[in-house]
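# Breakdown of the fold
Chain by chain, the residues:
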Amino acid sequence: MMATGDWLDLRGWVEGLVGWSMDNVHDILPSKDLDLTVTISPPKGIWPEDILLGRVLNLQDGFADMQPALEALFSATMICTVVFTTMMLTMLPIPYIERKFIGRLMDRLGATTTLRSLWIGESGVTAGEWWNKLPFGMGAPIGWLNKTLNSIWGNDHELDAVSRVNNRGYHGYWFLLPGFFQAFADFTKFAGKEHIVPKEADKPVYEVAPVIIISTTVLVFAFIPFGPHFYASSPELSVVFMMAIFGVAPLGVFFAGWSSNNKYTLIGGMRSAAQLTAYEIPLLITVLGVCVISGSFNVIEIVDFQAEESNVWNLFMLPLGAALFLITMIAEVERIPFDMPEAEAELVEGWWTEYGGMRWGLMFAAEYQRCYAACLLFALFFLGGWEAPFQGTMESLPVVGGGLEFLLSLIPGIAWVLIKAWALFAVFVWIRASLHRVRTDQILEFGWQWLLPLSIVNLAVAMFLRVWVWDEGWGIVAPVVMILSGIIGLVILVVDEDKEALESMRRPYSTYAVTKAYPGRHPDSKLEDLQRQYTAYSSVKAASSVSLSDTEAGT
């Protein structure tokens, strides 16, 4: 299967650059043979013949023999470096979306640290004129730059009331990205903290656990393509390798909780191990359904199947699979409502309570990387990857199809992948703001009793569609039927209420309020009657009681 086209051909550019440079090195080397032989003539009584050491060497021929291996080495190194750098840079909006979107959902500003905070400080607090303490006047340019920036984008305002607030770092200048640089401030804080190992901890395991978590998380991105020619590695079984590596990190989580020798971390590690085991199996079966319907275990070929062969995203053919993948991935990365292993309200900070400094920061970053990987995989498995929404339909329009095809060809595939991944992470944040934690026993019950059977049903549906429905295309009936079935299932899920479960409080939330408090709700009439009866009773009792004298009252 041929990969879909994209002008951003990273692999082609890098391999061409490396090949060109290696050819130039080959041409620069001398083409003549170099006689590096040395003849030693020992005495006849010791050795009958002359001893010949060294060889005749041709540098061009020798370099040509190892040139393919060198090209592969340098190409792989450069491509992996570019892909890793791209992953880290494109992950920077993830914490920004987390902070700002959750803030907006909660009617707050969220993080407000900006570039302006470097010269105006926070709440009017700065480090003072520290540049004047530098020797030989080296701080003078820094002082001039600080004053210039304060004069242009400082706190001074034509209104005295605004100037007195003295904390306008977030206000007025959207292009300074308020809140975006909070992540850099957090990194600086983590990097400067001391690493303290608990006295009773199992130190070797305690130190190895973060390495397992971080390294396996980064390794997952080796198999995630950002475009048809923008990836580090793409073996035939890339999905299998990727999911196998994705499942190693929970071992590091359990090791971290156990080795800290703390009851909170141990409980968090055990919860994490049980939860991830319960949700790993439905996740793998769901991914297997995607591979079955796409006819491949290669991520790029799965995207090409949606974009080129079927012209229908897997989201519309497997709506149940998309829902299962989203739910299980949220549980795998331990985000609300499935974050009981890290529940700070009862476990301090869960399995990583005893970690601090840079190790805590790197594990925190690894958790966001896992969320980012989950969003990228959803975009690749169900949203057509680097294909624009309805791209095939728009390009087939009779009059404007050619123009739209040209315009869409100008947008690199990585742009669509990132837009879809960032939008899906916003859904993660939306879910975090909408739902609260589910009890551990209910999390496990939900995984084993509901998600596991549903994942098997989803696999059966994928097999049926691929074997009996697929005929060089899906046609019109199959996508419509699957979309309608998904909508009907969602409506049933929303409308259906288990009254017995409500009465016995067996719903997957552990907190219930007798009187719901939210805007627009009127007080309960029964409660008002009770309040009136209590007020009348209190007044009658007060009227019938005998008044005490001042002396008795004083006594």
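Attention now goes to the packing of aromatic side chains. By the definition in use, this model includes 17 aromatic pairs. Judged by centre distance (6.1 Å) and plane angle (75°), the rings of F226 and F230 are edge-to-face. On the basis of relative accessible area, F226 is assigned to the buried category, the value being 0%. Judged by relative accessible area, F230 falls into the buried class, the value being 8%. Consider the rings of F305 and W470, whose centres lie 5.1 Å apart with planes at 50°: the pair is tilted. Taken together, the residues F305 in helix α12 (residues 299-309) and W470 in the loop between α20 (440-469) and α21 (477-495) connect sequence positions 165 residues apart. Among the residues examined, W470 registers a relative accessible area of 15% and is labelled buried. Above the face of the F246 ring, R370 is positioned so that its terminal group lies 4.3 Å from the ring centre.

Our focus in this paragraph is the side chain of E332. Looking at where E332 falls in the secondary structure, it is placed in helix α14 (residues 319-332). Lacking a salt bridge, the buried E332 has R370 as its closest oppositely charged neighbour, with an N-O distance of 4.1 Å. Side-chain polar atoms of E332 contact the backbone nitrogen of E280, separated by 3.3 Å. Residues within four places of E332 in sequence aside, it is in contact with F246, L276, Y279, E280, L283 and R370.

Another aspect to go through is empty space enclosed by the protein. One pass over the structure, following the stated rule, counts 1 cavity of 30 Å³ or more. Approximately 120 Å³ is the volume found for the largest cavity. V253, E334, W351, E367 and R370 are the residues nearest the centre of the largest cavity, which is lined by 14 residues in total. Top contributing element to the lining of the largest cavity by residue count: helix α16 (residues 357-382), with 4 residues.

What counts and how
- Residues numbered from 1 in each chain as written.
- Predicted model: local features only at pLDDT ≥ 70, side-chain atom pairs only at ≥ 80, totals over all residues.
- Heavy atoms only, no water.
- Phe/Tyr/Trp six-rings, centres within 6.5 Å; stacked < 30°, edge-to-face > 60°.
- Buried < 20%, exposed > 50% of the residue type's maximum accessible area, 1.4 Å probe, protein only.
- Helix = DSSP H or I, 4+ residues; strand = E, 2+ residues; numbered from the N terminus.
- Lys NZ or Arg CZ within 6 Å of the ring centre and 35° of its normal.
- Lys, Arg positive; Asp, Glu negative; His and termini not counted.
- Salt bridge = Lys/Arg side-chain N within 4 Å of Asp/Glu carboxyl O.
- Polar contact = N/O pair within 3.5 Å; in protein donor to acceptor, adjacent residues only side chain to side chain.
- Contact = heavy atoms within 4.5 Å.
- 1 Å grid on protein atoms, 1.4 Å probe; cavity = no way out; pocket = protein on both sides within 12 Å on 5 of 7 lines; lining within 4 Å.
- Points joined across faces, edges and corners; volume = space filled by probe spheres on them.

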